Amino acid sequence: MNRLTDKVALVTGAGRGIGAAIARAFAAEGAAVVLAELDIATAQATAREIAGAIGNAKVLAVQTDVTQSASVQAAVSEAQKAFGPVDVLVNNAGINVFADPLTMTDDDWRRCFAVDLDGVWNGCRAVLPGMIERRAGSIVNIASTHAFQIIPGCFPYPVAKHGVIGLTRALGIEYAPKNVRVNAIAPGYIETQLTHDWWNAQPDPEAARRATLELPPMKRIGKPEEVAMTAVFLASDEAPFINASCITIDGGRTALHHE
Ligand SMILES: NC(=O)c1ccc[n+]([C@@H]2O[C@H](COP(=O)([O-])OP(=O)(O)OC[C@H]3O[C@@H](n4cnc5c(N)ncnc54)[C@H](O)[C@@H]3O)[C@@H](O)[C@H]2O)c1
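Residues numbered from 1 in each chain as written. Predicted model: local features only at pLDDT ≥ 70, side-chain atom pairs only at ≥ 80, totals over all residues. Heavy atoms only, no water.

Q: Hey, could you run me through the site of the ligand in this one?
A: Of all residues adjacent to the ligand, which total 25 residues, the nearest are Arg16, Glu37, Asn92, Tyr157 and Thr192. Backbone polar atom of Asn92 to an oxygen atom of the ligand: 2.8 Å apart, as the coordinates give it. Tyr157 places a polar side-chain atom, nitrogen or oxygen, 2.7 Å from an oxygen atom of the ligand. Coverage of the ligand by the protein chains reaches 93% of its 830 Å² of free accessible surface. Structurally, the ligand is housed in the largest pocket. Looking at the shell around the ligand, the elements that each hand over two or more residues are α1 (17-28), α5 (157-175) and α6 (193-200). (Near = heavy atom within 4 Å. Polar contact = N/O pair within 3.5 Å; in protein donor to acceptor, adjacent residues only side chain to side chain. Areas by Shrake-Rupley, 256 points an atom, 1.4 Å probe, with all protein chains shown as cover. 1 Å grid on protein atoms, 1.4 Å probe; cavity = no way out; pocket = protein on both sides within 12 Å on 5 of 7 lines; lining within 4 Å. Sits in = over half its atoms within 2 Å of the grid points. Helix = DSSP H or I, 4+ residues; strand = E, 2+ residues; numbered from the N terminus.)

Pasting the structure below:
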């Protein structure tokens, strides 16, 4: 229960879903956690819940828009003021933008890249100078199995997620000599509000849900806590030589040969 003791972590999009699960797991492992979230009400509710569940939890909710570099910089400054320099950054905030390439609006394209790729870069840029100076730090970017495989009709989300892997590898290599590790996690289907929203947008939501559960070899989808366990590992001192890498969490689905 103390794998992240004395570490300060900032998790973007931590009000709900995978980000909230990561914030809970980090606090349970002894980290001071800043929930940097656009929807401040959900972040405050999650922060209260963590504080209620874990005695002496150090937790703070800060309204943050990852698409704005100044907003992310401000969140990092708040974290430093409250708990000290940020040791761990999880770039988790993300949105689904699924459209037909040729009928998609320019606004859809920009919205997708602003959150899913610029947001990750804004986070990295805000913490890297401090991490480089201290010659220590771990950045974990939440990508997706869409970073490796294309599902028709999901454009341009996979383009942005491919970019997240490129950014992870490029920054991991750039700052390896400074002992800053940059890694990614590629989740497959994980049961969060985002997934429910997608099911509910289908003509037959229940059939869409059942079809999703049939896809993975394990015949289920993942839980946010299962992504959080890997984020704890990558953030911790248990992964000192894992860098510029990506761990897939999909129950084996991307390894499955499709007939
Ligand atoms: N759920 C899945 O099946 C799945 C699979 C693969 C990858 N992912 C990725 O995991 C991450 C989290 O997904 P989730 O399912 O928990 O989503 P979610 O929608 O449940 O949570 C995302 C959170 O990010 C916040 N957010 C959105 N825009 C933001 C912004 N501009 N600034 C700050 N916060 C913002 C939202 O308010 C929300 O609280 C995303 O990057 C997503 O692409 C999810």
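There's plenty left to go through after this.
Q: How should I be thinking about the pattern of salt bridges in this particular structure?
A: Proximity of charged atoms lets side chains of opposite charge pair with each other. This model, assessed by the stated rule, comprises 10 salt bridges. For the salt bridge of Arg3 with Glu238, the shortest nitrogen-to-oxygen distance reads 2.7 Å. Of this pair, Arg3 sits in the segment before β1 (8-12) while Glu238 sits in the loop between α8 (224-235) and β9 (246-249), and the two are 235 residues apart along the sequence. Classification of Arg3 by relative accessible area gives partly exposed; the value is 34%. Between Glu214 and Lys219 there is a salt bridge, with its nearest N and O atoms 3.6 Å apart. Through salt bridges with shared partners, one network takes in Arg3, Glu29 and Glu238. (Salt bridge = Lys/Arg side-chain N within 4 Å of Asp/Glu carboxyl O. Buried < 20%, exposed > 50% of the residue type's maximum accessible area, 1.4 Å probe, protein only.)

Q: Just to check I follow, could you spell out helix α2 (residues 40-53) for this structure?
A: For an α-helix the count is 3.6 residues per turn, leaving residues at separations of three or four pointing the same way. Across its 14 residues, α2 extends 20 Å between first and last C-alpha, which sits within 8% of the 20 Å expected from 1.5 Å per residue. Buried positions along α2 lie against α1, β2 (32-37) and β3 (59-63). (Expected span 1.5 Å × (residues − 1). Contact = heavy atoms within 4.5 Å.)

Q: When you look at the packing of aromatic side chains in this model, what are you seeing that I'm missing?
A: Two aromatic rings, taken as a pair, are described by how far apart their centres are and by the angle between their planes. Overall, the coordinates contain four aromatic pairs when judged by the stated rule. Taking 5.5 Å as the distance between ring centres and 80° as the angle between the ring planes, the aromatic pair formed by Phe98 and Tyr157 counts as edge-to-face. Of this pair, Phe98 sits in strand β5 (residues 98-99) while Tyr157 sits in helix α5; the two residues are 59 residues apart in sequence, bridging distant segments of the chain. The class for Phe98 is partly exposed, based on a relative accessible area of 29%. Judged by its relative accessible area of 9%, Tyr157 is buried. For the pair Tyr189 and Trp198, a centre-to-centre distance of 6.3 Å together with 50° between the ring planes defines the contact as tilted. Here Tyr189 falls in the partly exposed class, since its relative accessible area comes to 27%. The class of Trp198 is partly exposed, set by a relative accessible area of 25%. (Phe/Tyr/Trp six-rings, centres within 6.5 Å; stacked < 30°, edge-to-face > 60°.)

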